[in-house]
Amino acid sequence: MAFSATLSQLSSLSTISSSLPISSRRLPHRSLPQFTVKAEAEKEKQSTQGKSDGEASPAATKTPKTLPKKPVYSMKKGQIVRVEKEKYLNSINYLSVGHPPFYKGLDYIYEDRGEVLDLRVFETGEYALVGWVGIPTAPAWLPTDMLIKCEKLVYERM
């Protein structure tokens, strides 16, 4: 279905709509969520008042929902780490950046100067956000199985 309107028809529509009060110009679908939220809140309020007035419902006697367990991380924030070279060179992380074989620009990640900034468990496993001390690069999310814990930071400012 094609719509064609002349310029005079469009201008007459704009003058009609501008003469209407603002409340009637609102689109009905924009105000619907507000009314449904208010209606749901009123229903919930009425149901809780009814339960408090009468007997305790079976839902109120149930035990509260158990929260998901917090993950146990293999490392902690602030931990000094380095990347295991063999695991990194065979990983998708290395292959995805497209460096040529024997690329030397990343040698600093194999030194004891990485610091764990954050830890997360994603669908593919546990990852650590690692930033490197003294290197002006963005931190990187790396799998914790390719990181080696270190005792202390080995870095001397030049």
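Our subject is the structure that appears above.
These figures come from a predicted structure and were not determined experimentally.

**Observations regarding the overall build of the protein**
Scanning the protein from terminus to terminus reveals six helices and five strands. Moving toward the C terminus, one meets the helices and strands of the protein in the order α-α-α-α-β-α-α-β-β-β-β. By the burial criterion, 21% of the 158 residues in the protein qualify as buried. Look at the contacts in the protein between residues 6 or more apart in sequence, and 55% of them connect residues 24 or more apart. Here the protein has roughly 13100 Å² of accessible surface; of this, 59% comes from carbon and sulfur atoms.

**Focus: the sheet that holds strand β5 (residues 147–149)**
Hydrogen bonds between backbone atoms are what pair the strands of a sheet, whose relative direction is either parallel or antiparallel. Taking strand neighbours across the sheet as the criterion, the five strands line up as β4-β3-β2-β1-β5 in an open arrangement whose pairing is antiparallel. A strand with exactly one partner marks an edge of an open sheet, and here the two such strands are β4 (140–143) and β5. Adjacent strand axes in the sheet meet at a mean angle of 45°, parallel and antiparallel pairs treated alike. Bridge analysis of strand β1 (residues 80–83) against strand β2 (residues 114–122) gives two bridges, and the strand direction is antiparallel. Each bridged residue has a counterpart across the sheet, and for I80 the counterpart in β2 is E115.

**Notes on the pairing of β1**
As paired elements, β1 and β5 share three bridges and run antiparallel to each other. For V83, the partnering residue across the bridge sits in β5 and is L147.

**Here we look at the pairing of β2**
Two elements, β2 and strand β3 (residues 125–132), share eight bridges in a ladder whose sense is antiparallel. Following the sheet pairing, F122 is matched in β3 by G125. Between the antiparallel neighbours β2 and β3 lie two residues.

**Side note on the pattern of salt bridges**
Between side chains of opposite charge, a pair can form when the charged atoms approach closely. Within the structure shown, the criterion is met by five salt bridges. We note a salt bridge from D118 to R120, for which the minimum N-O separation is 3.2 Å. A relative accessible area of 13% means that D118 is categorised as buried. Connected through salt bridges with shared partners, the residues K77, D118 and R120 form a single ionic network.

Calculation notes
- Going along each chain's sequence as written, the residues are numbered from 1 onward.
- Totals for whole chains, interfaces and linings use all residues, but because this is a predicted model, local features are given only for residues with pLDDT of at least 70 and pairs of side-chain atoms are given and counted only at 80 or more.
- Side-chain measures here rest on the full set of heavy atoms in the structure, leaving out hydrogens and waters.
- Only runs of H or I of at least four residues qualify as helices and only runs of E of at least two qualify as strands under DSSP, and these elements are numbered from the N terminus.
- When accessible area is computed with a 1.4 Å probe and restricted to protein chains, residues below 20% of their type maximum are described as buried, those above 50% as exposed, and intermediate ones as partly exposed.
- Contact criterion: two residues are considered in contact whenever any of their non-hydrogen atoms come within 4.5 Å of each other.
- Under the convention used here, a 1.4 Å probe and the Shrake-Rupley method define accessible areas, while residue burial counts only the protein chains that appear.
- At least two DSSP bridges between two strands are needed for those strands to be called paired.
- All axes are obtained by fitting lines to C-alpha atoms, using only the stretch in contact for helices, and the reported angles, taken between N-to-C directions, cover 0 to 180 degrees.
- Put simply, a salt bridge is a Lys or Arg side-chain nitrogen that is within 4 Å of an Asp or Glu carboxyl oxygen.

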